[in-house]
Amino acid sequence: MLWYDRLYVGEKAKKHRFSIIQSIRRKKYRMGVFVITPASNGNNILDIYPATTFLSPYYREKEFLIIGIALGYGEALKLAGRIVEDMYQKTGAFCLDDFLKV
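Everything in this summary refers to the structure shown in the same document. Note that the structure is predicted; figures quoted are calculated from it, not measured.

Structural notes on the nonpolar core
Okay, step 1: Counting 17 residues, the largest nonpolar core has W3, L7, I20, I24, V35, I66 and I69 as the members making the most contacts within it.
Okay, step 2: Of all the elements in the fold, those that place two or more residues in this core are β1 (2-9), α2 (17-25), β2 (33-38) and β4 (65-71).
Okay, step 3: In contact with I66, other than residues within four places in its own chain, are M1, L2, W3, Y4, L7, I24, V35, I36 and T37.
Okay, step 4: Core analysis: the second largest hydrophobic core is formed by 15 residues, Y8, I36, L79 and M87 among them.

And the structure:
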């Protein structure tokens, strides 16, 4: 797993930020934790995964850049919206690669 330098963290996840990050690094995924990554296809901007998804062999073999962490799917949706809004504000476009370089 790779981590974005300016990691986005949801409101509820802020209280548990350190333990969430450590559990993901140690591959001890907690229920209710969601991660936001760049989209795996060219049609979307972001993907939202339950952290437990990374327990499957298919996902363990892949390298993911984690842009955000959230507690609960609703918080993950809000956080993804905030990332997209920040991206548009800073770059004037919906290009995640340009945003991550800024």
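From this point on, the discussion continues.
So, the sheet that holds β4
Okay, step 1: Taken in spatial order, the four strands of this open sheet run β1-β4-β2-β3, and their pairing is mixed. Strands with a single pairing partner mark the edges of an open sheet, and in this sheet they are β1 and β3 (46-50). On average, adjacent strands in this sheet sit at an angle of 30° to one another, irrespective of strand direction.
Okay, step 2: Sheet topology note: the β2/β4 ladder contains four bridges and is antiparallel. Bridged to I36 within β4 is G68.

Remarks on helix α4 (residues 73-91)
Okay, step 1: For α4, with 19 residues, the first-to-last C-alpha span of 27 Å sits near the 27 Å given by 1.5 Å per residue.
Okay, step 2: Within the span of α4, buried status applies to E75, A76, L79, A80, I83 and M87. On an axial view of α4, the arc spanned by its buried residues comes to 140°, and they lie on one face. For α4, the exposed residues set more than 90 degrees away from the buried face come down to K78, E85 and Q89.
Okay, step 3: Those residues of α4 that are buried are in contact with β1, α1 (11-14), β2, β3, β4 and α5 (96-101).
Okay, step 4: Trailing α4 by a residue or two, G92 shows a phi angle of about 75°, which is positive.

Cut-offs and rules
Residues numbered from 1 in each chain as written. Predicted model: local features only at pLDDT ≥ 70, side-chain atom pairs only at ≥ 80, totals over all residues. Heavy atoms only, no water. Core = buried A, V, L, I, M, F, W, Y, C linked by side-chain atoms within 4.5 Å. Buried < 20%, exposed > 50% of the residue type's maximum accessible area, 1.4 Å probe, protein only. Helix = DSSP H or I, 4+ residues; strand = E, 2+ residues; numbered from the N terminus. Contact = heavy atoms within 4.5 Å. Pairing = 2+ DSSP bridges. Axes fitted to C-alpha atoms, helices over the stretch in contact; angles between N-to-C directions. Expected span 1.5 Å × (residues − 1). Arc of directions from axis to C-beta.

Geometric descriptors of this kind do not, in isolation, establish any biological role.
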